[in-house]
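Working through the structure, step by step
If you want the building blocks of each chain, they are given just below.
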Amino acid sequence: MSIGINTNYGNYNYAGVNNAEPSWAKNDEKDEKKESAVNQQGAVYEKTTTEKNSKEDDSKAIYKKSATDRAAIVQQMKAAEEQQRNQLMAIVQKTLQGQVGAYGKATGNSMWQQPAGGNIKVDAATRAQAQKDISEDGYYGVKQTSQRLFDFAAALAGDDVDKMKEMQKAMEKGFKQATKTWGRELPAICKETMNAANKLFEDYYQQASLSS
């Protein structure tokens, strides 16, 4: 006995009675339609979410805030800038205090060994180290100290020219306050350090103008 099998699947003809489309094929077609509908719904939902987030971001923009809120934000920004200036002034005073102390130990002048004078005995090894520290390439020498002051200012300003100018003013103010703390004119090495630091600022401004 032979069994006849329909092997003609061309033109999407399926095996079955009277070439009728089987139920599983219809189910597959229904599933595809359902999946397509879900995908379309997902696309619409994603777009709606994006638009919603965009509107929320816009609502946070400073120009859409009330006058009171805008004033508060400006005040916060000014307070942050003032804090940065005060921070640099404190750094300048501390740095110069270290430089003056090293100078006093290196020269044996007790007047510079601590603020408002002092009388600290310095042994030979300490004096030798202090002399090395204030030398041209020493840690408290003009070159390294001025570079540290400039680097501190640059870190606080974030490479913003206008802020750098404010930092330069804060540095000079810190120098004046350090002078006031000691109660006398600071040693020449401190003035030379400030001059060198100001030169670094001027070089920075010139380079920034060429890059703009």
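Structural data are supplied above this passage.
What counts, and at which threshold
- Residues numbered from 1 in each chain as written.
- Predicted model: local features only at pLDDT ≥ 70, side-chain atom pairs only at ≥ 80, totals over all residues.
- Heavy atoms only, no water.
- Helix = DSSP H or I, 4+ residues; strand = E, 2+ residues; numbered from the N terminus.
- Buried < 20%, exposed > 50% of the residue type's maximum accessible area, 1.4 Å probe, protein only.
- Contact = heavy atoms within 4.5 Å.
- Areas by Shrake-Rupley, 256 points an atom, 1.4 Å probe, with all protein chains shown as cover.
- Polar contact = N/O pair within 3.5 Å; in protein donor to acceptor, adjacent residues only side chain to side chain.
- Salt bridge = Lys/Arg side-chain N within 4 Å of Asp/Glu carboxyl O.
- Phe/Tyr/Trp six-rings, centres within 6.5 Å; stacked < 30°, edge-to-face > 60°.
- Lys NZ or Arg CZ within 6 Å of the ring centre and 35° of its normal.
- Axes fitted to C-alpha atoms, helices over the stretch in contact; angles between N-to-C directions.
- Parallel < 35°, antiparallel > 145°, perpendicular 65-115°, else oblique.
- Nonpolar A, V, L, I, M, F, W, Y, C, P; charged D, E, K, R; others polar.
- Expected span 1.5 Å × (residues − 1).

1. Looking at the overall build of the protein chain
When helices and strands are tallied, the protein chain shows six helices and zero strands. Secondary structure elements of the protein chain occur, N-terminal to C-terminal, as α-α-α-α-α-α. Each of the 212 residues in the protein chain was classed as buried or not, and the buried ones make up 25%. Within the protein chain, contacts between residues separated by at least 24 positions form 62% of all contacts whose residues are at least 6 apart in sequence. Summing over all exposed atoms, the protein chain offers an accessible surface of approximately 14,900 Å²; the carbon and sulfur share of this is 51%.

2. Side note on the environment of Gln93
In this fold, Gln93 is placed in helix α2 (residues 67-107). A relative accessible area of 23% places Gln93 in the partly exposed class. When near neighbours in sequence (up to four residues on either side) are disregarded, Gln93 contacts Gly174, Gln177, Ala178 and Thr181. Here the side chain of Gln93 touches Gln177 through a polar contact of 2.8 Å, side chain to side chain.

3. Looking at the pattern of salt bridges
One pass over the full model with this rule turns up four salt bridges. Here Arg85 and Glu82 are joined by a salt bridge, their closest N and O atoms 2.6 Å apart. Taken as a pair, Arg85 and Glu82 lie in helix α2 at a separation of three residues, close to a single helical turn. For the salt bridge of Lys199 with Asp203, the shortest nitrogen-to-oxygen distance reads 2.9 Å. With a gap of four residues between them, Lys199 and Asp203 both fall in helix α6 (residues 188-211), about one helical turn apart. By relative accessible area, Asp203 is classed as partly exposed at 32%. The network of salt bridges with common partners includes Glu82, Arg85 and Glu166.

4. Description of the packing of aromatic side chains
Inspection of every chain in the model, using the stated rule, returns five aromatic pairs. Considering the side-chain rings of Tyr139 and Tyr140, the 5.0 Å spacing of their centres and the 85 degrees angle between planes classify their relative orientation as edge-to-face. The exposure class assigned to Tyr139 is partly exposed, which follows from its relative accessible area of 44%. Just above the ring of Tyr139 sits the side chain of Arg148; from NZ or CZ to the centre is 3.8 Å. In this arrangement the basic side chain of Lys165 is found over the ring face of Tyr205, its NZ or CZ atom lying 5.9 Å from the centre.

5. A closer look at the packing of helix α5 (residues 161-182) against α6
The geometry of α5 relative to α6 is characterised by a closest axis approach of 11 Å and an angle of 175 degrees between their N-to-C directions. In terms of their interaxial angle, α5 and α6 are classed as roughly antiparallel. Two secondary-structure elements touch here, α5 through Val161, Met164, Lys165, Met167, Gln168, Met171, Glu172 and Phe175 and α6 through Cys190, Lys191, Met194, Ala197, Asn198, Phe201, Glu202, Tyr204, Tyr205 and Ala208. When its residues are assigned to classes, the contact of α5 with α6 shows 12 nonpolar, two polar and four charged.

6. A few points about α5
End to end, α5 covers 32 Å across 22 residues, agreeing with the expected 32 Å (1.5 Å per residue, within 8%). Taken together, the buried positions of α5 are Met164, Met167, Gln168, Ala170, Met171, Gly174, Phe175, Ala178, Thr179 and Trp182. Near the N-terminus of α5, the side chain that reaches the backbone nitrogen of Asp162, with its oxygen 3.0 Å away, is that of Asp160. Of the residues trailing α5, Gly183 is marked for its positive phi of about 80 degrees.

So yeah, pure geometry; function would need other evidence.
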